[in-house]
Amino acid sequence: MKRLLSSLLFLPLLMTTACSLSDPRCAKLPGDVRYCLQPTTAVMPFDVQQKVELTLNGLRETMVVELEVDAFGMRFAGLTPFGQTLVQASYDNREARAGVLPDKRLEPVLFLAFLQLALWPADSVRAGLDATIVVQESMGQRRVLEGGNVVIEVSYTGGRPPSGDMRIVFPSAQLEIDVKTLNTQTTK
C-alpha cells in the first residue's frame, strides 16, 4: 500500500514547481493545474469515515480515511484496513502539514487539495484555481477543465458528500479513486 501511495503521489510531485514553495497552500495537480487550498469556513463542519479504493495503472489498493473539517481547519488520516497509519495531514487555513507521509518528498497539500476539489462548493474551488480553469457542475458531477481537457472528474452517488459516495478520476495520471462513506457525523 505504501508503494502505491508513493507512486500515486509521485506523479504530481514530478509536476510540482516552485509555486508550492512560494505559497504553502498551493500545489500542482495532475494535468499541470495549480490549486490553492481554500478556507474551511466554506463548508459546514463535518467528520466522516470513508473506504477509499485507489487504482493507478491497474494496481488497486484500499485505505480507510478519517476526515474532520471545522472552522479551524481540516485533518486527514489514511489507514490500512488493519489500522496502520499511512498518511496523516492537516490544514489550519494557513498552511498544510503532515505528521506521516508514505514518502518524505511528497507535499501534504496534495492530499488535501484532492479532497477540496471534490468536497468544497464550486465557487470556493474556482477561487483556488487559475482564472483560465473551468469548473463545470451538474447534479451528479463536477469537472475541472483546462483548455477543454478534463483535469479531474468527480461523480457523486447517494447524495453529495460528505454523506454520499463519489468517484474521482484524474485522466492524465491514470488515477481513479472510489470513495464509499462508512459514516458521517456533522459537528455543531
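The rules behind the values
Residues numbered from 1 in each chain as written. Predicted model: local features only at pLDDT ≥ 70, side-chain atom pairs only at ≥ 80, totals over all residues. Heavy atoms only, no water. Helix = DSSP H or I, 4+ residues; strand = E, 2+ residues; numbered from the N terminus. Buried < 20%, exposed > 50% of the residue type's maximum accessible area, 1.4 Å probe, protein only. Phe/Tyr/Trp six-rings, centres within 6.5 Å; stacked < 30°, edge-to-face > 60°. Core = buried A, V, L, I, M, F, W, Y, C linked by side-chain atoms within 4.5 Å. Contact = heavy atoms within 4.5 Å.

Structural notes on unusual backbone geometry
Within the chain, N57 stands out as a residue other than glycine whose phi angle is a positive 50°. One can find N57 in the loop between strand 3 (46-56) and strand 4 (59-70). On the basis of relative accessibility, which here comes to 55%, the residue N57 falls in the exposed class. A positive phi is found at N93, a non-glycine position, where the angle reads about 70°. Given the relative accessible area of 23%, N93 is considered partly exposed.

Looking at the packing of aromatic side chains
Taken as a whole and judged by the stated rule, the model has one aromatic pair. Seen from their ring centres, F114 and F170 are 4.6 Å apart, and the 40° between their planes marks the pair as tilted. Here F114, found in helix 3 (residues 108-119), pairs with F170, found in strand 11 (residues 165-170); they are 56 residues apart in sequence, far enough to count as distant.

A short note on the nonpolar core
The biggest cluster of nonpolar side chains holds 50 residues, and the ones touching the most others in it are L67, L112, L129 and I177. Of the residues forming this core, the biggest block, 10 residues, is contributed by helix 3. Excluding residues that lie within four positions of it along the chain, L112 makes contacts with L37, M74, F76, A89, S90, Y91 and A96.

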